[in-house]
Amino acid sequence: MTTVDPDFAAAQAKAERQARLFTRINKADGWFKVLGLSFMTPILKALAGDNPRAQMKQIWLLLGVPILSILIFLMVWSTLAPKVQTSLGAIPGPAAVWEQALNLNEDAKREKEKEAAFYVRQDERNAKLIAAGKEDKVKERTYTGAPTYYQQIWTSIKTVFFGFLLATAIAVPLGIAAGLSPAANAAINPMIQIFKPVSPLAWLPIVTMVVSALYTTNDGMFTKSFLNSAITVTLCSLWPTLINTSLGVASIDKDLVNVSKVLKMNTYTKITKLVLPSALPLIFTGLRLSLGVGWMVLIAAEMLAQNPGLGKFVWDEFQNGSSQSLAKIMVAVFTIGIIGFLLDRLMYAIQSMFTFSNNR
């Protein structure tokens, strides 16, 4: 009867556990990349005992170097900022910007408390009127206080997604048509070359006049400032999606196209079963670029359209001219950058769910 060495069995079991652990870490690595947390993979591998020295090099590259660069940036910023004097005072350093970020948070809390107190007083007043038999004098008013910083952020996000979705609805069908038909490509390409370089500052006056002429109601679902900003985003952000969709469709393997002809697929089946699955990686690349362009365009559009988002916040602080305005504008700059990064990660996550592309 063969006996099994207990030490060997224990070592084999340990190796199997490590193998399963490494498999789970490798699976999680895809999501770490989506979230911009690639440094987590070597950290987990090092903790699991997978060549710690090699993993430390990766940790230094993916985490240490970025942190070091941020620290150097903050040191340079702190040193040089006080030396630059403007009409509003010295350029604020990191500490002043952080202080204003906390102040904006406190202002938002106070505004929420005011809103809650307003509705409490309104409910109490209406309850007294009902108790006195004066139901006809009961009124429901909406709180009209200044929007908080978080509400302005949310307004900008809603605006950019409205414009982005509208751009997608226009660009993807046109891109598919241009990719499938040389005649359609010849017709669309001049429009792309002419309108793609146009600045949002040039589009906005035209959009404003058209919206004012066609959207005459004052109590519609959208405000005119919202539509002006969103449509401007649409006009500036649809081109990357259109171009990449056209390229993706035109790059489909010719053998697949010949198969569709042999099977006598109708146009709808050909697009849904063949064209879109093959072109999705490039389409999503275009969508990511379009969303990034739209987010950049939005800030300029909101400044001029006076849509109550981040762009208007920056413009109002610039016009305000207080000693704290520059620091608040810097808070908005960092907010815009962070949200832009998160939007790109969101699109990459969606892309990872629908395609097998490894492009980031």
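Residues numbered from 1 in each chain as written. Predicted model: local features only at pLDDT ≥ 70, side-chain atom pairs only at ≥ 80, totals over all residues. Heavy atoms only, no water.

Take unusual backbone geometry next. Here Gln-306, not a glycine, exhibits a phi torsion of approximately 60°, which is positive. Among the structural elements, Gln-306 can be located in the loop between helix H10 (267-305) and helix H11 (310-320). Of the residues examined, Gln-306 reaches a relative accessible area of 32% and is grouped as partly exposed. (Helix = DSSP H or I, 4+ residues; strand = E, 2+ residues; numbered from the N terminus. Buried < 20%, exposed > 50% of the residue type's maximum accessible area, 1.4 Å probe, protein only.)

With respect to the helices, strands and loops of the structure, Gly-248 is situated in helix H8 (residues 224-250). Note on Gly-248: relative accessible area 5%, which makes it buried. Each C-alpha atom, one on Gly-248 and one on Ile-153, is 34 Å from the other, the two residues being 95 residues apart in sequence. Ignoring anything within four residues of it in the chain, the contact list for Gly-248 reads Ala-279 and Leu-282. (Contact = heavy atoms within 4.5 Å.)

On to helix H2 (residues 40-47). Every buried residue belonging to H2 is among Thr-41, Pro-42, Lys-45 and Ala-46, and all of these are buried. Taken down its axis, H2 places every buried residue within 130° of arc, on the same side. Just past H2, the residue Gly-49 takes up positive phi, approximately 90°. (Arc of directions from axis to C-beta.)

The next subject is the packing of aromatic side chains. In total, this model carries twelve aromatic pairs according to the counting rule given. Relative to Tyr-119, the ring of Phe-118 has its centre 5.3 Å away and its plane inclined at 75°; by these criteria the two rings are edge-to-face. What makes Tyr-119 partly exposed here is its relative accessible area of 28%. Judged by centre distance (5.8 Å) and plane angle (40°), the ring pair of Trp-315 and Phe-318 falls under tilted. (Phe/Tyr/Trp six-rings, centres within 6.5 Å; stacked < 30°, edge-to-face > 60°.)

Once that is clear, we can look at the pattern of salt bridges. A full pass over the atoms with the stated rule returns six salt bridges. Residue Lys-112 pairs with Glu-115 through a salt bridge whose shortest N-O separation is 3.8 Å. Taken together, the positions of Lys-112 and Glu-115, both in helix H4 (residues 94-131) and three residues apart, correspond to about one turn of that helix. It is possible to trace a salt-bridge network through shared partners that takes in Arg-288, Asp-344 and Arg-345. (Salt bridge = Lys/Arg side-chain N within 4 Å of Asp/Glu carboxyl O.)

For the pair helix H6 (residues 182-195) and H8, the least separation of the axes is 11 Å and the interaxial angle reads 145°. Judged by the twist between their axes, the crossing of H6 over H8 is left-handed. Of H8, the residues touching H6 (which contributes Asn-185, Ile-188, Met-191, Ile-192 and Phe-195) are Trp-239, Leu-242, Ile-243 and Ser-246. Here the residues of the contact of H6 with H8 are counted per class, giving seven nonpolar, two polar and no charged. (Axes fitted to C-alpha atoms, helices over the stretch in contact; angles between N-to-C directions. Left-handed = near helix turned anticlockwise from the far one by under 90°. Nonpolar A, V, L, I, M, F, W, Y, C, P; charged D, E, K, R; others polar.)

On to the confidence of the model for the chain. Interpretation of the predicted coordinates at a detailed level should be avoided for regions scoring low in pLDDT. The share of residues in the chain with pLDDT of 70 or more is 94%, and the mean pLDDT across the chain is 86. When pLDDT is averaged over each helix and strand of the chain, the minimum, 72, is found for helix H1 (residues 6-34) and the maximum, 94, for helix H5 (residues 149-180). (pLDDT = per-residue confidence, 0-100.)

Taken together, Arg-121, Arg-125, Lys-139 and Arg-141 make up a surface patch of like positive charges. Inspection of the secondary structure puts Arg-125 in helix H4. (Patch = residues over 30% accessible without salt bridge, like charges linked within 9 Å, V, L, I, M, F, W, Y side chains within 5 Å. Areas by Shrake-Rupley, 256 points an atom, 1.4 Å probe, with all protein chains shown as cover. Lys, Arg positive; Asp, Glu negative; His and termini not counted. Charge placed at Lys NZ, Arg CZ, Asp CG, Glu CD.)

Moving on to the nonpolar core. Ranked by size, the top nonpolar core spans 37 residues in total, and within it Tyr-149, Trp-295, Leu-310 and Ile-339 carry the most contacts. Sorting the residues of this core by element identifies H4, H5, H8, H10, H11 and helix H12 (325-354) as the ones contributing at least two each. In terms of residue count, H10 provides more of this core than any other element does, ten residues in total. Among residues more than four places away in sequence, those in contact with Ile-339 are Ile-153, Ile-157, Trp-295 and Leu-310. (Core = buried A, V, L, I, M, F, W, Y, C linked by side-chain atoms within 4.5 Å.)

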